[in-house]
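# Observations on the three-dimensional arrangement
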Amino acid sequence: MRDHAGPPPHGHGTGASPDARLRGIGARPGSGADEPPRPVADQPTRPVVADQPSHPAPNRTPRPVSLHPGAWWLWALSLGVAATRTGNPLLLALLVAVSAYVVATCRRPSPWSRSYAAFLKLALAVLLVRLLFAVTLGSPIPGTHVLVTLPELPLPDWAQGIRLGGSVTAESLVFALYDGLKLAALLICVGAANTLANPHRLLKSLPGALYELGVAVVVALTFAPHLIADVQRLRAARRLRGRPDTGLRGLLQVGLPVLEGALERSVALAAAMDARGYGRTAEVPPGVRRTTTALTLGGLLGVCAGTYGLLTAEGGTYGLPVLLAGLTAALAGLRLGGRRTPRTRYRPDRWTARSLLVAGSGAAVAAAMSVAGVTDPAALNPGVVPLVAPTLPLWPAAAVLLGLLPAFLAPAPKEPSP
């Protein structure tokens, strides 16, 4: 055993003061506690940088650059207009492929970006229903190539022009296929816009006069993505619990929680809108209100008439001027109507050069298809009597490929964090 009267370890003296002992805690082993401190000159000095700030600046993450949501809608609706200008199945398939490639490239991991598959299924269902109607109800298109003859049911005299059953010709089926592909391509283009554009940012970008209408439209547009997300979540939960998630029983077991969730979101949304002052308006002079109403209604009527003229062959001469005049009047009315709903925007979305190019690429596709419909209508709308195989026109197909420009201009989607 060690003698307690001996010196303590590390050579510390017993007569050292408390301050000296505290100073000796960090001393080297073997040094005395009463040793005076070294002069300042003997201690190593740290170089001082004159330009270095005492407190470093916070590391601010720049805001990610993204396209304006209106640019996605203009691009998608322009592709939809191009789809209505042609009945060529090859061009329609090319339009669908272009929209699908852009969605696959630019889609972000968001709840509303999962609705594209639902729109594809809806388009396929519309196409099948159109073919079913052509088989069961007949078609006004005459044909000589009879595929099958169904039992025909007699109908009363007031139902002339409609039949149930009878002969099904190849010409009538091909005509129904071309007609159904138009509507299917239009639905897919709308699904692409609903997948790529953020509905909340789109609502924030609307003018003040359309804010209330925009809220209703955005809520309606987000219904399908939220519904699909709820169904996927509930089906996954049922599979984890070992319960069936398919068939009629699974549909009934999933449908009630989905409806309950939709009602809860509606109540929460109504409370949030009321808390944020939704529906409050400012006082404006009566003359401004009447002028706003006249400009808005007249502009919307002009837009409808001009759009109808552009979509029909008879109104191709007056369609564009009436559409431009209607847009001008409607924009002026919306500008005046914005005084009734004064509000501010936090970090509003800007129309950058990329957004303008994306919207312009879709408009170029629609314009090229409209011009091709006038110069070469036979290529864009192949006939079915006599039944001929459709051909792919070269320069309209090259114009459709302009719709791929957003896949190279849009920023890369951010990967979800693990």
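Residues numbered from 1 in each chain as written. Predicted model: local features only at pLDDT ≥ 70, side-chain atom pairs only at ≥ 80, totals over all residues. Heavy atoms only, no water.

## Let's talk about the nonpolar core
If you look at the biggest cluster of nonpolar residues, it comprises 38 residues, and the most contacted ones within it are Trp 72, Trp 75 and Leu 95. Sorting the residues of this core by element identifies helix 2 (69-84), helix 3 (89-106), helix 4 (116-136), helix 5 (170-196), helix 12 (353-375), helix 14 (394-400) and helix 15 (406-409) as the ones contributing at least two each. Other than its neighbours up to four places away in sequence, Leu 95 contacts Leu 79, Ala 82, Ala 83, Val 365 and Val 400. (Core = buried A, V, L, I, M, F, W, Y, C linked by side-chain atoms within 4.5 Å. Buried < 20%, exposed > 50% of the residue type's maximum accessible area, 1.4 Å probe, protein only. Helix = DSSP H or I, 4+ residues; strand = E, 2+ residues; numbered from the N terminus. Contact = heavy atoms within 4.5 Å.)

## Some remarks on the packing of aromatic side chains
Going through the model one piece at a time under the given rule, you end up with 1 aromatic pair. Measuring from centroid to centroid gives 5.9 Å for Trp 72 and Trp 75, while their planes differ by 80 degrees, and the two rings are edge-to-face. On the criterion of helical spacing, the pair formed by Trp 72 and Trp 75 is a turn pair, its members being 3 residues apart in helix 2. Note on Trp 72: relative accessible area 6%, which makes it buried. Looking at Trp 75, the relative accessible area reads 0%, which means it is buried. (Phe/Tyr/Trp six-rings, centres within 6.5 Å; stacked < 30°, edge-to-face > 60°.)

## A short note on the packing of helix 2 against helix 5
Close contact between helix 2 and helix 5 brings their axes to 9 Å; oriented N to C, the two are set at 175 degrees. Classified by the angle between their axes, helix 2 and helix 5 sit roughly antiparallel to one another. Judged by residue contacts, Trp 72, Trp 73, Trp 75, Ala 76, Leu 79, Gly 80, Ala 83 and Thr 84 of helix 2 engage Lys 182, Ala 185, Leu 186, Cys 189, Val 190, Ala 192, Ala 193, Asn 194 and Leu 196 from helix 5. In terms of residue class, the contact of helix 2 with helix 5 is made up of 13 nonpolar, 3 polar and 1 charged. (Axes fitted to C-alpha atoms, helices over the stretch in contact; angles between N-to-C directions. Parallel < 35°, antiparallel > 145°, perpendicular 65-115°, else oblique. Nonpolar A, V, L, I, M, F, W, Y, C, P; charged D, E, K, R; others polar.)

## Some points on the pairing of strand 1 (residues 146-153)
With respect to burial, strand 1 is a largely exposed element, only 0 of its 8 residues being buried. Inspection of the sheet shows strand 1 paired to strand 2 (residues 164-169) by 5 bridges, in the antiparallel sense. Looking across to strand 2, one finds that Val 146 is bridged to Thr 169. (Pairing = 2+ DSSP bridges.)

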